[in-house]
Structures are given as structure tokens and as C-alpha cells.
Amino acid sequence: MQAISDRTAITGIGYTGFTRSSDRSVLALATEASLRAVTDAGLEVAGIDGVVTYFHNQDTVAPRQLVQALGMRDCNFQVMCALGGGWACAAIASAAMAIHAGVCRNVLVFRAAKGRSERNPPANIAPSERQWSRPFGLVHAAARFGPHVSAHMARFGTTSLDFAHLAVSQRNHARLNTKAMMTDPMSIEDHQGSPWVIEPFRVLDCCFRSDGAVAVVVSSADIARDCRHGPVRIRALMGGTLTHQHGTLHAEGLWELYARRAAEKLYKGADMSAEDIDIAELYDPFTGICLMHMEGFGLAAPGEAATRVRAGDTGLDGAIPVNTHGGLLSESYTHGLGHVIEAVQQLRPGGVVDDYCDGHHDYDRSHCRQVRSAKTALVCGECGDSSLVLTADI
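Residues numbered from 1 in each chain as written. Predicted model: local features only at pLDDT ≥ 70, side-chain atom pairs only at ≥ 80, totals over all residues. Heavy atoms only, no water.

Let's hear about empty space enclosed by the protein: which residues, and what values?
In this structure the tally under the stated criterion is one cavity of 30 Å³ or more. Lining the largest cavity are 12 residues, and of these R111, A113, S210, Y333 and T334 sit closest to its centre. At the level of secondary structure, the elements contributing two or more residues to the lining of the largest cavity comprise β4 (106-114) and β7 (211-220). The leading source of residues in the lining of the largest cavity is β4, at three residues. Of the residues in the lining of the largest cavity, the class split is four nonpolar, five polar and three charged. (1 Å grid on protein atoms, 1.4 Å probe; cavity = no way out; pocket = protein on both sides within 12 Å on 5 of 7 lines; lining within 4 Å. Points joined across faces, edges and corners; volume = space filled by probe spheres on them. Helix = DSSP H or I, 4+ residues; strand = E, 2+ residues; numbered from the N terminus. Nonpolar A, V, L, I, M, F, W, Y, C, P; charged D, E, K, R; others polar.)

This is the structure in C-alpha cells:
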């Protein structure tokens, strides 16, 4: 096991409403979500002594701005990383390591943006390696990820119809989520009839942008025992990226992600295997990438993720429920930190609080999103470049 295993825990979660056009500033959204997370943990702002965030295309506020907005007394540690969705779980890991090192006791992690209503215009001059790709049409994420998913399709026979089953499964989960933005019913035919964005992705294969904020409080294990909710322990963590073939997503082949390399070390650090995972909240910018994450982290054999989805294994009552909140495809675009919040909710003693249950969870899938007896969760960022194993405090 890792030396840091179970030494820290997630004690608080908070979020704003998610919209297409917020009339509030990014700082106001970040402040609301952060205050909600601190309150959820049963702490005071004065008890927070570190702040971590991440971004893409300069779309958020700096930790120092939030420190001032919250009126924090101390900030012993701040990090602001530009690696986008690949850093979602690394943000939690950074907070945990600062606590384990004795620098902080409670660290606030937030992600806030107005990704829908205040999209930043593309730069006129392509930075670094992008100068060799943007002039030739690689100007958005679908174009960047498309070749890797197409390679997976060519190697394993995955089809657009397979993607449809995953999109429908996650939409069904989102329909049981009071904070989800995309809740209209979706059928396989709806997916297959949606327009192409760029092959192999149709509109309903792609995540969407939204305005809003989410926040998480990470605490030392000794503090976590006295917090408001049963703590969700951080059992293992990984961050990193590929160390060769610069500028690509692939390891040995275009059809693989860093997830495959990270998984072995992550599970060893948790003293677990893929078979021990009860739920998986996997970064899902596109349906095909989510399937590749399933395979990379050993939740399906290579080329077999689609078969598991079609069999219903990723549903709420399946063998390995995936993206139980709807994910980026149907809940909101919170750059992966929303996946952490969902995992925490599923693992807490009281379960999720934002489905349509009236009081206790009865597992009626007309209104209940809670997974039965979930004790262990896998969460990953884009391409598996960061990942976590979280466990319920038993």
C-alpha cells in the first residue's frame, strides 16, 4: 500500500446550480460552492489552510482570489494547474499530499468556470506543439481524440452503436439527478440520428459546456473522524502521463491511454484489484474515451467494454456502475471534479442527496440513484492521467 493510504479523507462537498448562462461571476460561483463544501464538512472557513484548483484556457480564478473572497485566516499551500481534465484527481491528490506532509490540515479543492457563456476565443498564434496541428484542422477536442477512438474501433470492432448504449445509460442516470442539465429521455435511435461532429463522434457522443462550480474539502484522517459525515478515505492516488511519443495520447498503440499504465500502480497502492471496485466515475469527454477508460483500468478486457455496457453492467444495478450521475455527457461540465463529488455521495453512509428519493433509498430506479452497498470507488481524470481509489469509512 502507499504510505499515504487512508491518512486523508474527503470530508466536504459543495456545488452550485449548473446553467447555460449564469448571471454571476466565476468568483461568486467558486465562493458559493466552496462555502457549501466547508459547511458540509462541519468546519469553519478559519479551519481551511490550503487551496487547490486547475483550469484550461484561463477560465477560472486564482486561489489567492478565493482566499480573499472567503476571508481565510491562513493559506499555507496553493496550487493552480493548467492541465485541465487530466488533473481532476491530481487536484485531490495534491491536497492529500500537502496534508500528509504536515503543511495543511484541511485543503479546499475547487473548479469554477463559465464554460458555456464566457468561452475564451482561440489564440491567434498556436502555442508550442499546436502550431503543427491547428493549421491542419486539429482545433477542438473531438478532432484530437477522434483518431484514438477510431484506432480502437478498427482494432476491436467497436461501433457507433456501442457508443449509443453508453450515452443512453448515462442519460438514464442523469434523469435521476436533480442537478443534471441533460435530462430529456434518450433512445438508441436518438443517438444514432444525431448529427456528426467529426467521425467517429456524433453530437450525443460529446460532452457539453456549462456554467457552475464544484468544491471538495480534503482533511487529515484525525479531523475527518469528527466531521459531519462519515469520511470517504483516499486509499490510493496516481498522477502522471506518458513518457514517450510526445504530443499523443497513446502508449503502445493509438487505442490505449495512460490509464493502462496507471492502473497497476494505483491498485497496488490500494492493495486491491479491479475486481474490488464497486462503482467507477470515469472522465467522459466522449463516449469512446469512457469505454477506453473502462478497459485501461481493468473494468473490462481490451475491446470488451462495449459488451459490458450492452449487457447492462454499467447501470445502477449492474456489476460495475459507471458515471452514476450522468457524467460530463449528461450532468454538467465540471472538468472531472463532479465525478469525485458523485463518488463521495455514493460512498457516504446516507448516500446521494440529489436524486428524487423521499427520505430513505429504496433503489426504485424511477427516482433513486443510489447504488446498493457501494464501498469502493474508482475515479479518473482525462486519459487516466490522474486517478483515485476512494473507500467508505467502515
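Account for the layout of surface pockets, naming residues and giving values.
Of the voids in this model, the second largest pocket is the one considered here, and its volume is about 190 Å³. As for the second largest pocket, its lining consists of 16 residues, and the residues nearest its centre are L347, R348, P349, A374 and K375. Each residue belonging to the lining of the second largest pocket can be placed in one class, and the counts come to seven nonpolar, six polar and three charged.

Quick rundown of the sheet that holds strand β8 (residues 232-239)? Include the residues and the values.
Spatially, nine strands are ordered β3-β2-β4-β7-β1-β8-β11-β10-β9 in an open sheet, and the strand pairing comes out mixed. Two strands in the sheet have a free side with no partner beyond their single neighbour: β3 (77-81) and β9 (279-282). When strand polarity is set aside, the average angle formed by the axes of neighbouring strands in this sheet is 25°. Two elements, strand β1 (residues 8-15) and β7, share seven bridges in a ladder whose sense is antiparallel. By the bridge assignment, T8 is partnered in β7 with S220. The sheet contacts of helix α3 (residues 88-100) involve β1, β2 (50-54), β3, β4, β7, β8, β10 (376-380) and β11 (386-392), and relative to β7 the element is tilted by about 30°. (Pairing = 2+ DSSP bridges. Axes fitted to C-alpha atoms, helices over the stretch in contact; angles between N-to-C directions. Contact = heavy atoms within 4.5 Å.)

Talk me through the packing of aromatic side chains; I want residue IDs and the actual numbers.
When we look at a pair of aromatic rings, we describe it by the centre distance and by the angle of the planes. Applying the stated criterion across every chain, the model contains three aromatic pairs. Measuring from centroid to centroid gives 4.5 Å for F201 and F286, while their planes differ by 15°, and the two rings are stacked. Residue F201 is located in strand β6 (residues 201-202), and its partner F286 is located in the loop between β9 and α9 (287-296); the two are separated by 85 residues in the primary sequence. According to the relative accessible area criterion, F201 is buried, its value standing at 0%. Judged by its relative accessible area of 4%, F286 is buried. A network of ring pairs unites the aromatic residues F145, F201 and F286 as a single cluster. Over the ring of F145 we find R144, and its NZ or CZ is 5.2 Å from the ring centre. Lying across the ring of Y15, K179 places its NZ or CZ 4.9 Å from the centre. (Phe/Tyr/Trp six-rings, centres within 6.5 Å; stacked < 30°, edge-to-face > 60°. Buried < 20%, exposed > 50% of the residue type's maximum accessible area, 1.4 Å probe, protein only. Lys NZ or Arg CZ within 6 Å of the ring centre and 35° of its normal.)

Could you give an account of the environment of C368, with specific residues and numbers?
As for its placement among the helices and strands, C368 is situated in the loop between α12 (337-347) and β10. Through-space distance from the C-alpha of C368 to that of L316 is 9.4 Å; in sequence the pair is 52 residues apart. The contact partners of C368, leaving out residues within four places of it in the chain, are L176, L316, D355, C357, H361, D362 and Y363.

Break down a nonpolar patch on the surface for me, with residues and values.
Taken together, V197, I198 and V203 make up a surface patch of nonpolar side chains, about 200 Å² in accessible area. Residue classification places I198 among the partly exposed positions, given a relative accessible area of 31%. (Patch = residues over 30% accessible without salt bridge, like charges linked within 9 Å, V, L, I, M, F, W, Y side chains within 5 Å. Areas by Shrake-Rupley, 256 points an atom, 1.4 Å probe, with all protein chains shown as cover. Salt bridge = Lys/Arg side-chain N within 4 Å of Asp/Glu carboxyl O.)

Give a detailed account of the packing of helix α4 (residues 141-156) against α9, specifying residues and quantitative values.
Remark: α4 packs on α9, axes separated minimally by 10 Å, with the N-to-C direction vectors making an angle of 60°. With respect to their mutual orientation, α4 and α9 come out oblique. The hand of the α4/α9 crossing is left-handed. When α4 is examined against α9, the residues F145, H148, V149 and H152 are found in contact with a partner set consisting of G288, I289, M292 and E295. Class assignment of the residues belonging to the contact of α4 with α9 gives a composition of four nonpolar, three polar and one charged. (Parallel < 35°, antiparallel > 145°, perpendicular 65-115°, else oblique. Left-handed = near helix turned anticlockwise from the far one by under 90°.)

How would you sum up the pairing of β2? Please name residues and give values.
The buried count for β2 comes to five of five residues, which makes it a mostly enclosed element. Across the two faces of β2 the burial is the same, with G50, V52 and Y54 and V51 and T53 all buried. In the sheet, β2 pairs with β3 via five bridges, with the strands oriented parallel. Across the sheet, the residue bridging to V51 is Q78, located in β3. The parallel pair β2 and β3 is bridged by helix α2 (residues 63-70), and the resulting crossover is right-handed. Here β2 runs beside β4; their pairing, made up of four bridges, is parallel. Its bridge partner being in β4, V51 is matched across the sheet by L108. (Right-handed = clockwise from strand over helix to strand, strands pointing away.)

Give a description of the side chain of R202 that names residues and reports values.
As for its position among the elements, R202 is in strand β6. An unpaired buried charge is present at R202: no salt bridge exists, and D205, the closest side chain of opposite charge, is 5.3 Å distant. Within the structure, R202 has its side chain in polar contact with the backbone oxygen of Q192 (distance 2.9 Å). Beyond its immediate stretch of four places on either side in the chain, R202 contacts S160, H191, Q192, S194, P195, W196 and V197. (Lys, Arg positive; Asp, Glu negative; His and termini not counted. Polar contact = N/O pair within 3.5 Å; in protein donor to acceptor, adjacent residues only side chain to side chain.)

I'd like to hear about the environment of G303, residue by residue, with values.
Mapped onto the elements of the fold, G303 is located in the loop between α9 and α10 (305-310). In the structure, G303 is positioned 81 residues away from G384 in sequence and 17 Å away in space, judged by C-alpha atoms.

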